[in-house]
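Next come the chains, spelled out residue by residue.
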Amino acid sequence: MPDSPRPHSPKPGAPEPALAAIREALATFPPPLLQEFDEACTQLQERLDADALLAWADEGLAVARHSLRAWEAASVYCRVSAAVLDQLPLSHFQAWAGSGRDLAADSPALAAAYFRASPTALPHLAPAQAPDWAEQGRLLYRGTWKSGSLAAQYFDVSPAILSQLPLGQTRLLVELIDALAGHSYELASACLGMSAAVLGELDRADRAPVLEFGSIVANTAWADARNYFERSPGAIKRVDPQQRARFLALSGRVALMVGRQGHPYFLDAAAALAEADDAVHGRVIALAEQLLPHSGLAAMEFIKSSPAVLARVSHDDLARWHAQGLAILQKSAAGGEAFFRLESAKGEEVIQGLSSRVELENVAELIRLYCRALTGADVAVLPLDALAERGVGWVSQSSPTTEGTAIYLPAVVEEHNDKALNFSIYKVFATHQAGRLEFDSFHFRFARPATLFDDRRLTRAPARDGEPALTDMERFFDLFDDRRLIADLFTIVEDTRIDTILRREYPGVRTAFERLQRAAVVRRRALETMPVREAAVENLVRLSLDAGDTIQWPPEIAALIKTPLRILARIRDGDASVEDSAEAALRLYEWIASIPNVQLDESQWLPADPPEEEVTEEQDVPQGDESLSAPAATTASLSGRSPQAYQSPEPVDFRGDFKPELVQMLLQMRGEGMDEGEPVPITPEQLKELIEKSAEIEFTEDDDGDLDGAVSTMLDNLMEEMAGTRVPSDTPGQQLQGDYASSHDPGDASLPDDPQSFFYDEWDFRANDYKPRWCRLQQRTLPGGEVDFYNHTLSENAALVQETRKQFELLRPELFRKIKHLPDGEEFDLDAVVEWIVQRAAGAPTDSNLFYRRNKIERDVTVGFLLDMSASTDEEIHRRKRFGADDAAFDDDPRKYFTWWAQKRAREAGQPSKRIIDLEKDAIVLLTEALESIGDMYGIYGFSGYGRDNVEFYVIKDIEEPFSDGIKKRIDKITPVRSTRMGPAIRHAIVKLKEARSKVRILVVISDGRPQDHGYGRDRTEKEYAIHDTKMALTEARREGVTPFCLTVDRQGHDYLQEMCQDMGYEVVSDIASLPRHLPALYRRLTR
Amino acid sequence: MTSQTEAPITEYRSWAVEEFRFQEEPYYVPVGDEVELFRAAWNSKIPVLLKGPTGCGKTRFVEYMAFHLNRPVVVSRDGRKEIMQESSLPLVTVACHEDLTASDLVGRYLLEGQETVWIDGPLTRAVKAGAICYLDEVVEARKDTTVLIHPLTDHRRILPVEKKSQLLQARDGFLLVISFNPGYQSALKDLKQSTRQRFVAIEFDYPPREIEAEIVQHESGLDAETALRLAKMAEKVRHLREHGLSEGASTRLLIYAGSLIRQGIAPRRACQIAIVWSLTDDAEIQRSVEEVIASIFE
């Protein structure tokens, strides 16, 4: 080794010969070592006695001597020793140094990293722990270069990690990293690099559990580890702090059971818990733990579903739901998992049963029929957002309302813990809205006389000039300056009138009604805080709610409220019409508009008498007299204070929104609700004026800033509805209930391009339950092709057509069949009578059954043919020899080749080389021809599709559709499309056949192979699932009184058809080419 | 339904088909001018077609008319012939079914001892007795019955008795009345135009609320208020016709419900068994109707 170029003079106080010897030895290493040694010596001399210093130096030399590169470690050792000594007592210092020496034996780089990290890491450790720490790093070292670098990295990051994690727990991290290192050092290193930051994000208590679960992830799904490191802090933070460790332990156990899926499930479950209230986390996790012994998946699925379930059932009921699922889980793991995944009909049913909330979706049809019964009109029942979306003046999502043709109700009612009570709320809502329709709230006629009051509106002068009013309601409101006040008053009076009638006409809803009324009264705002005019209106609302005892009013102006209350009471007692409501509102307006809207001191409010007894006397008083305007003397006492802007009273929930002006206009636009029945054309200008002046129209908040914009948006919406492009009485979603609505037009001139959607359940044989609304089936009418195909097929098979037709004609029943030997009948059976006489004459016992009668026999058959239009039907039947003798006809000339190819295609198209689908088509043509001669009802459908949300169902001929050229054209268009999801297609065909009233209903499914589709089974190769679902669909057919029959041209058909059809009819057509001949023969056999 | 005041029937009574006539006035409340129309048609010997939903009172109306129509009869008393007014017309009612043939109406030979004996069918008897012959739900019968109906319904008023090679001229008073419910029969079972156009048609529907309440009150002995509620309920339920229900609740069902209520059955329950469950098997519609009932009856 060359000498250092710089001179190094030994320190004066270090003449120890032993030390000098060490120094000498060190000098053989590269010079930086000696330099570090000398510097360290200087620092340490003062702190260590001679022996200790010698031991220290000895240690350094030992390190340096380990291997070629160990001098680097030794130099680090020298460099940090002083700093380490600051932290460790001498005894521990030596142990620390010893650990370093041991590491150096394995890898100098490792030792170097250890020494380098020590000054910053040691403060986080107890003095005795240094060797343990070193040991952890060593654990990662496996003798390879990569492992060494990983272990070194560990020491590098240790200071940061140890500041977060006690040494005992870092072991967890080391194990985790070690496990990862077994798969990928890059990954392990990346995770190690992240770990300090990750741990920093976690709460102290969560760190160890996170690492424990991390180890499991590393072992079961190492590839997810980085993802886990990145996402776990965020995921776990959303779980209740008390429950995090438990949740992680649970996730760990699940991961051990389910392997790779464990980690995604953990993330999903954590996200699900985040949606639920923190307080329930413990409960949910405890319940999940109970599921763990049976199925890890079920436990996680349970957690995932719990927020959705908790939104619908109470906490106690969650346990009940869980118990039901557990029972299923014990019988079948797949069944239980589907249950908790909310993918089984049973699971949904249990929730429905437990949930006390009532969803409009489930009761809409019931309420619709109910409202129809009450009103006698075709009212749709729709969720409120459907109305808000229309943007024609309603915005509320919670107040029930009606716009004249439909009743809009909130999507969910969950006021009570009792389903029946919640339903009764719906019922009151619906009854009140239906009451408005039934008792003519929207049929106010300006000129029609009132029954209880004088018609003062006729003589009142309009408050404003302008366009003549569009509607009678508008004309009435035009009489008043304060449109909001009159609208409020009219609403109160009219709602009072409706409630009064409803309680008289439908005493059965009275109880529920009063319950809501009481609840509404409790929620009213305190009167004392209101200005006087608002308080007067509020008192009217209270009286209308039967809460006369809560009316309060300053006694010194008692006279001001007396008459208004009396007027309202009159509506409550009498048999009032909507015109009476208007007259009452007019009188109330005159009184209340004269009360200034000023604030009074609270002390002045006292309960006022509800107008109980005086009413009867009042009725004798000539009408009109009571509504002289308020005494000037009393109002004088209120003057002098500054009036406030008038605010409408709070709405009464169960009465909902009432917008008579708007509804009348909408009705008029549609030409409904008019006496003349003629829709009156409305100009945009008129509409605009109405929208601007009406007090009823609300706009959504985002329109707030821009009133003109909102008006014009609404105007657009209204004009659009007027143009009839949007028919509001349409009931979207109703068809989606899975019930069938026939809407084809036989003329088929314009084909509905927009397919109709239907939803069907699917049978999951593993869960032994249906998956609710699993498949979406789209029904389309097949577009028409050429009629030639049909005629061509007929002429091509002329002989066969003749034959089948003849055979079918034989099927035609004799109109009457004679039944003989009856005791009673139309006529004597002459043969029997002759015999009877002979026997009598011979003294033999006689038979008295001497009559015959003719029984009429009607053939009453409806059949549906379901054609497989999957891609596999594209297959040719006789695979031709591709290169035959005429190969030589073209020699490498592409043009010749294409000519040849085109000719070949043309030949093939016209020649017997047919695809399966062609034979299916031929068979259908022959059958159609035969069926037309026999007069059976029949429908022809095709199906295909891809995936559960896109099952395509093609109508070629609907059952009621008469046979026509259009249908011939559609047959031409039968082409192979995609996959074969048979279940939903069969279910849809059943619905169609059910509509037919025939005694005999048959469904013939013609396919070319087993059912299969994307997601129709656990994976691509699984066949069981599809077969079971199809089998269940066929069983359903039978349950519905439809006889199913399966026909396949797949030679391998026997094995699965046997399973699919079991006791049902099926047939495998071995010679595919015979299908056209076979199908009519089969049909004959089926229906004979 | 019989009036509650009637004496208990402890023994059966029997009549020959053509001799049956009502001793007491059947209860019927005219809704419109149907009584005058029917009387005028009978006077002019024009056959009558009664259209209307089931249980709205068609049969009762015929009974009522049979009781109120009368014709001169010759009565021999002490050797002198006197012309008197009969108190009522006999009424022959035939409920038609799908196996009802012409010979079921006209008559047939039966074996008796060594010979065959001709037995008149109900239509033949009505023709001979000059009774009102009421063929209920006539579309149900076999088509060969129209062969009989046609000559009886025009000016000839004859009944061909093919097997006996006879023609019977109807006696005065004879009137063919058929009923027909256009609602529930399928398109196949419509009356042929050639048959329809031999009749004047009187359309029936359920009576208005007040009259129906009166009928229910009378027939079931119920109090006026409950009867009115039943009628109101029926009116509501009938709104569901063609919306799930093929027929509305008939007056007959209301009377059943009324009778049950009068026996002490709770109204909601009585309506459930007499109306909801007889009307439909569809659970959703059942529930809707029950909600209507629950709204009207406490």
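As the structure is a prediction and not an experimental result, all values here were calculated from the model.

Peer 1: An account of the sheet that holds strand β9 (residues 769–781) of chain A is needed here, citing residue identities and associated values.
Peer 2: Residues and elements named next belong to chain A. Here we have eight strands laid out as an open sheet, ordered β8-β9-β15-β14-β13-β16-β17-β18, and mixed in their pairing. If you trace the sheet from one side to the other, it starts and ends with β8 (756–764) and β18 (1065–1068), each paired once. Each adjacent strand pair in this sheet contributes to an overall mean axis angle of 25°, direction not counted. Taken together, the six bridges between strand β14 (residues 937–945) and strand β15 (residues 951–957) define a ladder with antiparallel strand orientation. Counted as the bridge partner of S944 is E952 from β15. Along the sheet face, helix α38 (residues 916–934) touches β13 (861–868), β14 and β16 (1000–1007) and points at about 170° away from the line of β13.

Peer 1: I'd like a description of the pairing of β15 of chain A, backed by residues and values.
Peer 2: Residues and elements named next belong to chain A. When you tally the buried positions in β15, you get seven out of seven residues, the bulk of the element. Across five bridges, the pairing between β9 and β15 is parallel. Residue R780 lies in a different strand from β15, and its bridge partner there is Y954. Between β14 and β15, which follow one another and run antiparallel, lie five residues, and G947 among them has a positive phi close to 80°.

Peer 1: Summarise helix α10 (residues 267–279) of chain B; cite the residues concerned and give the values.
Peer 2: Residues and elements named next belong to chain B. In this model α10 runs 17 Å from its N-terminal to its C-terminal C-alpha over 13 residues, within 8% of the 18 Å that 1.5 Å per residue would give. I273 marks the point of greatest bend in α10, at about 30°. For α10, the set of buried residues is A270, C271, Q272, A274, I275, V276 and L279. In this structure, the buried side of α10 is in contact with α8 (224–238), α9 (251–262) and α11 (283–296).

Peer 1: Break down the side chain of T402 of chain A for me, with residues and values.
Peer 2: Residue and element names in this part refer to chain A. Residue placement: T402 occurs in strand β3 (residues 401–402). Here T402 falls in the buried class, since its relative accessible area comes to 1%. Here the side chain of T402 touches G404 through a polar contact of 3.0 Å, landing on its backbone nitrogen. Ignoring anything within four residues of it in the chain, the contact list for T402 reads W394, I407, Y408, Q433, R436, L437, F442 and V663.

Peer 1: With reference to specific residues and values, describe the pattern of salt bridges.
Peer 2: Opposite charge on two side chains permits them to pair, given that their charged atoms come into close proximity. Residue and element names in this part refer to chain A. Inspection of every chain in the model, using the stated rule, returns 65 salt bridges over all chains. Between R116 and D156 there is a salt bridge whose closest N-O contact spans 3.8 Å. Placement of R116 in helix α6 (residues 108–121) and of D156 in helix α8 (residues 145–162) is noted, with a sequence separation of 40 residues between them. The residue R981 makes a salt bridge to E762 at a minimum N-O spacing of 3.0 Å. Remark: E762 occurs in strand β8 and R981 occurs in the loop between α39 (965–972) and α40 (982–995); sequence separation between them is 219 residues. Both residues of the pair, R981 and E762, belong to the buried class.

Peer 1: I'd love a proper account of the interface of chain B and chain A, names of residues and values included.
Peer 2: The interface is formed by 32 residues belonging to chain B together with 36 residues belonging to chain A. Approximately 2,800 Å² of surface area, both sides summed, lies buried where chain B meets chain A, with 54% of it carried by carbon and sulfur atoms. In terms of surface lost to chain A, no three residues of chain B exceed L111, H243 and S295 of chain B, which account for 20% of the buried area on that side. Inspection of the chain B/chain A interface yields five salt bridges. Ionic pairing is found between R510 of chain A and E298 of chain B, a salt bridge with its closest N-O pair at 3.8 Å. Across the chain B-chain A interface, the total number found is eleven residue pairs in polar contact (both at pLDDT 80 or more). Looking at the side of chain B that touches chain A, its residues break down into nine nonpolar, nine polar and 14 charged.

Peer 1: I'd like to hear about the packing of aromatic side chains, residue by residue, with values.
Peer 2: Residues and elements named next belong to chain A. In total, this model carries 41 aromatic pairs over all chains according to the counting rule given. Centroid distance Y77 to W96: 6.0 Å. Interplanar angle 25°. Geometry classified as stacked. One end of the pair, Y77, is in helix α4 (residues 70–87); the other, W96, is in helix α5 (residues 90–106), and 19 residues separate them in sequence. Taken as a pair, Y77 and W96 share a single burial class, namely buried. Cluster of aromatic residues (ring-pair linked, three or more members): F37, W56, Y77, F93, W96, Y114, F115, W133, Y154 and F155. Sitting above the plane of the F789 ring, K921 keeps its charged end 4.6 Å from the centroid.

Quick notes on the rules
Residues numbered from 1 in each chain as written. Chains lettered and ligands numbered in written order. Predicted model: local features only at pLDDT ≥ 70, side-chain atom pairs only at ≥ 80, totals over all residues. Heavy atoms only, no water. Pairing = 2+ DSSP bridges. Helix = DSSP H or I, 4+ residues; strand = E, 2+ residues; numbered from the N terminus. Axes fitted to C-alpha atoms, helices over the stretch in contact; angles between N-to-C directions. Contact = heavy atoms within 4.5 Å. Buried < 20%, exposed > 50% of the residue type's maximum accessible area, 1.4 Å probe, protein only. Expected span 1.5 Å × (residues − 1). Bend = angle between axes of the 7 residues up to and from the residue. Polar contact = N/O pair within 3.5 Å; in protein donor to acceptor, adjacent residues only side chain to side chain. Salt bridge = Lys/Arg side-chain N within 4 Å of Asp/Glu carboxyl O. Buried area = accessible area lost by both parts, 1.4 Å probe. Nonpolar A, V, L, I, M, F, W, Y, C, P; charged D, E, K, R; others polar. Phe/Tyr/Trp six-rings, centres within 6.5 Å; stacked < 30°, edge-to-face > 60°. Lys NZ or Arg CZ within 6 Å of the ring centre and 35° of its normal.

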